[in-house]
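Structural description and commentary
Given next are the chains, with one letter for each unit.
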Amino acid sequence: MKTSLVIGIVVVLVVVAGAGLVLFQAPPSQVRPPDTQQTPGQPEKPQAVQVRQITGAPASYAGKTVDVEGTVRKDNLLATPYLLDDGKASLALKFNNDMDRYVGLQVKVSGVIRYDSQAFNAPTTSMEIQSIKPLDLEPSFYVEMSKDGIDDRGRPTLSRLLVYDNSGTLIVYERVNAKILLTNTITKERMDEIRKELIDADVFSFQQQEYPAKSASETFSYRIKVILKVGNELKQTQLTWTEPASVPEKLLKLQQVFNNILYVDSP
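Each value, and the rule that gives it
- Residues numbered from 1 in each chain as written.
- Predicted model: local features only at pLDDT ≥ 70, side-chain atom pairs only at ≥ 80, totals over all residues.
- Heavy atoms only, no water.
- Phe/Tyr/Trp six-rings, centres within 6.5 Å; stacked < 30°, edge-to-face > 60°.
- Helix = DSSP H or I, 4+ residues; strand = E, 2+ residues; numbered from the N terminus.
- Buried < 20%, exposed > 50% of the residue type's maximum accessible area, 1.4 Å probe, protein only.
- Contact = heavy atoms within 4.5 Å.

A word on the packing of aromatic side chains. The description of an aromatic ring pair uses the distance of the two centres, along with the angle that the planes make with each other. Applying the stated rule across the entire model yields three aromatic pairs. Judged by centre distance (5.0 Å) and plane angle (5 degrees), the ring pair of Tyr-222 and Trp-241 falls under stacked. Linking Tyr-222 in strand E12 (residues 220-230) with Trp-241 in strand E13 (residues 233-243), this pair joins segments that are 19 residues apart in sequence. Taking the relative accessible area as the measure of exposure, Tyr-222 reaches 3% and is therefore buried. Residue classification places Trp-241 among the buried residues on the basis of a relative accessible area of 1%. On the numbers, 6.1 Å between centres and 80 degrees between planes, the contact of Trp-241 with Phe-258 is edge-to-face. A residue pair is termed long-range when its members are at least 10 positions apart, and Trp-241 in strand E13 and Phe-258 in helix H5 (residues 249-265) qualify at 17 residues. Using a relative accessible area of 1% as the deciding quantity, one classes Phe-258 as buried.

Have a look at this one:
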């Protein structure tokens, strides 16, 4: 009889202990889920926003990493010339390298928003780009040409800067007075014509990038920057030279092409 009693007590204790384990567990709704917060040291996940949201409340986005879509524009009259334009607002872009190859393209950019309400001679709101990705077309066409002339007394006689981008937008600047003379959209046929003229003139074959004047009596100075898709390769070059100067014969051919383009597209 005593043996049976002891066994019964042990069974009861085991059952109660088991029930106690269940009894003291937290209900499922109160169990804390795994910590999904950002681990210290990991990059901040970008927040997808629109340009007008940032420009409308810049202080609230300062220091945040964001994803933004828009068209890259360039305004040579600004100290920070690159802009992201979504058709309703524009945001200044800062990049470690120049962004000429992307001008005129729809892109998605990721970066950190900077805001300084006291900024002087600089945009109060800007974006430091960490990455940039074209959305529709790849870089294929960017041409920047400037020609400046002076008389024998050093006074300017001509000052033109022409900028063509991937979308076919042409902006003509007068450099002396820092103003825009013309904004136009050229046809694809005109873009192809310019491309052919520059490639036929071997614009990418020059080893020397600068051809300085031999004396102080120069009459014209030229500068050209070309980024073109040739086959499957995106080629880029930049040249400066003066006239008169000792330059290769093929550079005189390029100079003629330069002047022809200037004559057709500049006012």
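This part takes up the environment of Glu-174. Along the polypeptide, Glu-174 turns up in strand E9 (residues 169-174). Distance from Glu-174 to Asp-148, taken between C-alpha atoms, is 9.7 Å for residues 26 residues apart in sequence. If we skip the residues at most four places from it in the chain, Glu-174 touches Ser-159, Arg-160, Lys-179 and Leu-181.

With respect to the secondary-structure elements, Arg-190 resides in helix H4 (residues 188-200). With relative accessibility at 10%, the residue Arg-190 sits in the buried group. The contacts of Arg-190, once residues within four sequence positions are left out, are Ile-261, Val-264 and Asp-265.

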